[in-house]
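# Fold and contact review
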Amino acid sequence: MVRLHEPTFSTEEIMAALDCLLTTRVTMGPKVKAFEQQFAATFGWNHGVMNNSGSSANLLAISALTNPRAQDRLMPGDEVIVPALSWSTTIWPLIQCGLVPVIVDIDPSTLNIDPEQIERAIGPRTRAVMIVPVYGNPCDMDAIIDICHRNNLQLIEDCCEALGAFYDGKPVGRFGRVATFSFYYSHHITTLEGGICTTDEFELSELMRILRAHGWIREVDDPKPWIDASPGIDERFLFVNLGYNLRATELSGAMGTVQLPKLAGFVDVRRDNANWFRRTLDRYGAYLSFQQETPKGRHSWFGFPIHVKAGAPFTVNELMRHLNDAHIETRPIICGNVALQPGLQMYPHRTVGDLRHATQTMKCAFSFGNHQAIDSQARSYVAEKIGNFLNGRGLA
Ligand SMILES: Cc1ncc(COP(=O)(O)O)c(C=O)c1O
């Protein structure tokens, strides 16, 4: 079985989590804090706010940016430009916080948001751009930053599938006001479930700590101003804003600390495999095309996407079925064109253009596993089965 994902953790992480259970210190505490600091320091942010998923990280980031306490707050009805090829919970938090997603098409070669489409989408209520480096392929940051500067737009980076990727030598997520990452089981590293918001803004990080847990000041770095402003209320139970419970557990924090040093090695394996797949499958270029690494980008290859070209004498479903019968798992690319998903139809949003590249990707592309456990035998097996499929049709 060549799976989409294999666990990135083993005895060391399990022992770290077990230690939390055995000491009974299981709820968010020093181990989460230590992981936040380690993660932020590794990539160069001032602050990291861990939570219980990448989706929660997006919700927390957007809740903070729209909160009355936020500097340069996004207001209800403001528009945020997002790529059509994204995940559901890239979009839902925008709606949940009263913003209006504006869905734009992708560049079919990189699968990332097309900067020209961003320019085209900007209207009088546009306040922000939320990008997704698809499968870990960094977006065209030079162009996107230029657009944001010229149009006074805030930049939010949903890097939930892009941990370990770099653009022009800088980690993804270091370009905007706030970034989010996921440590779900199937991702580059895992805390089982888990996510983190990163930012250089102290006030924003404090706000995210408050919103993460009940509107409570218990986890902020500097509680004094809050306490001074509310004399007479027990400072241990002081609630200064609305809030959720999006806290991570200590088990997750402990696992993250063990996982993080392994990330670079995992990404190297993914990159090596992706290069091998591209070289090996290139001979089928008449029928198949592959995601192009963004110039200046260092892709971290969440999986290996393949696009069945228009006019190929077979369908993507036929190819996927052949691979599945050979015990090779496959999946569509993220959630396809999110503008076609029924969930979005109930809520205000705007689409720009016909989104044909995202739709094509939804209909004609798929991916198989490209992770730290794919070895030379597994990758040869996958390439052989793709070759067999085309051979069987007299195409190779
Ligand atoms: C782009 C993107 N955003 C958000 C998420 C949500 O992350 P999680 O599964 O940790 O909630 C994902 C999940 O893979 C994703 O790909």
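Note that the structure is predicted; figures quoted are calculated from it, not measured. (Residues numbered from 1 in each chain as written. Predicted model: local features only at pLDDT ≥ 70, side-chain atom pairs only at ≥ 80, totals over all residues. Heavy atoms only, no water.)

## Focus: the environment of Cys97
Tracing the sequence through the fold places Cys97 in the loop between helix H4 (88-96) and strand S3 (100-104). Judged by relative accessible area, which is 15%, Cys97 ranks as buried. Measuring from C-alpha to C-alpha, the distance between Cys97 and Asn324 comes to 40 Å, with 227 residues separating the pair along the chain. Excluding anything up to four places from it in sequence, Cys97 contacts Ile62, Ser63 and Thr66. (Helix = DSSP H or I, 4+ residues; strand = E, 2+ residues; numbered from the N terminus. Buried < 20%, exposed > 50% of the residue type's maximum accessible area, 1.4 Å probe, protein only. Contact = heavy atoms within 4.5 Å.)

## Let's talk about the site of the ligand
By nearness alone, 14 residues border the ligand, and Gly54, Ser55, Asp158, Glu161 and Ser182 come closest of all. Here Gly54 contributes a backbone N or O atom positioned 2.8 Å from an oxygen atom of the ligand. Between an oxygen atom of the ligand and a side-chain N or O atom of Glu161, the distance comes to 2.6 Å. Calculation on the ligand without its partners gives an accessible area of 390 Å², and the protein chains cover 90% of this total. Among the detected pockets, the ligand sits in the largest pocket. Elements supplying a minimum of two residues to the shell around the ligand: helix H3 (54-65) and H4. (Near = heavy atom within 4 Å. Polar contact = N/O pair within 3.5 Å; in protein donor to acceptor, adjacent residues only side chain to side chain. Areas by Shrake-Rupley, 256 points an atom, 1.4 Å probe, with all protein chains shown as cover. 1 Å grid on protein atoms, 1.4 Å probe; cavity = no way out; pocket = protein on both sides within 12 Å on 5 of 7 lines; lining within 4 Å. Sits in = over half its atoms within 2 Å of the grid points.)

## Quick look at the pairing of strand S15 (residues 365-368)
Neither face of S15 is left uncovered, since the one carrying Ala365 and Ser367 and the one carrying Phe366 and Phe368 both have all their residues buried. Direction of pairing for strand S12 (residues 304-308) relative to S15: antiparallel, over a ladder of 4 bridges. Bridging from a neighbouring strand, Pro305 pairs with Ser367 of S15. (Pairing = 2+ DSSP bridges.)

## Overview of the domain arrangement of the chain
When the domains of the chain are assigned, the result is domain 1 (11-262) and domain 2 (263-392). For domain 1 and domain 2, the distance between their C-alpha centroids amounts to 27 Å. Across the boundary between the two partners, domain 1 contributes 53 residues, which contact 46 residues of domain 2. By the criterion of area lost to domain 2, the three top residues of domain 1 are Ile103, Tyr135 and His188, representing 21% of everything that side buries. For the pair domain 1 and domain 2, the interface holds 3 salt bridges. (Domains from an automatic or database assignment. Buried area = accessible area lost by both parts, 1.4 Å probe. Salt bridge = Lys/Arg side-chain N within 4 Å of Asp/Glu carboxyl O.)

## Some remarks on the layout of surface pockets
Taken as a whole, the largest pocket holds about 360 Å³ of empty space. What lines the largest pocket is a set of 20 residues, and nearest its centre among them are Trp87, Cys160, Ser182, Tyr184 and His187. For the lining of the largest pocket, the element with the most residues is H3, which contributes 3 residues. Class assignment for the residues of the lining of the largest pocket results in 6 nonpolar, 10 polar and 4 charged. Residue contributions to the lining of the largest pocket reach at least three from each of two domains, namely domain 1 (11-262) and domain 2 (263-392). There is about 260 Å³ of room inside the second largest pocket. (Points joined across faces, edges and corners; volume = space filled by probe spheres on them. Nonpolar A, V, L, I, M, F, W, Y, C, P; charged D, E, K, R; others polar.)

## Quick look at the nonpolar core
Formed by 45 residues in total, the largest nonpolar core has its most connected members in Ile103, Val134, Val178, Cys197, Met208 and Ile333. Of all elements in the fold, only H3, strand S2 (79-83), H4, strand S4 (126-131) and helix H7 (202-212) reach the threshold of two or more residues within this core. No other element matches H3, which puts 7 residues into this core. Counting only domains with at least three residues in this core, you end up with domain 1 (11-262) and domain 2 (263-392). Grouped together as the second largest cluster of nonpolar side chains are 30 residues, Tyr287, Ile306, Leu319 and Ala383 included. (Core = buried A, V, L, I, M, F, W, Y, C linked by side-chain atoms within 4.5 Å.)

## Notes on the sheet that holds strand S7 (residues 170-171)
Sheets are built from strands paired through backbone hydrogen bonds, the pairs being either parallel or antiparallel. In spatial order, the strands read S7-S6-S11; together these 3 strands make up an open sheet with antiparallel pairing. Across the chains shown, the open sheet's two edge strands, defined by having one partner strand only, are S7 and strand S11 (297-298). The sheet contact formed by strand S6 (residues 166-167) and S11 spans 2 bridges and is antiparallel. Following the sheet pairing, Tyr167 is matched in S11 by Gly297.

## Considering the pairing of S12
Side-chain direction in a regular strand flips from residue to residue, so the side chains alternate between the two faces of the sheet. Judged by how many residues are buried, S12 sits mostly within the fold: 5 of 5 residues are covered. Where burial is concerned, the two faces of S12 agree: the one with Phe304, Ile306 and Val308 and the one with Pro305 and His307 are both buried.

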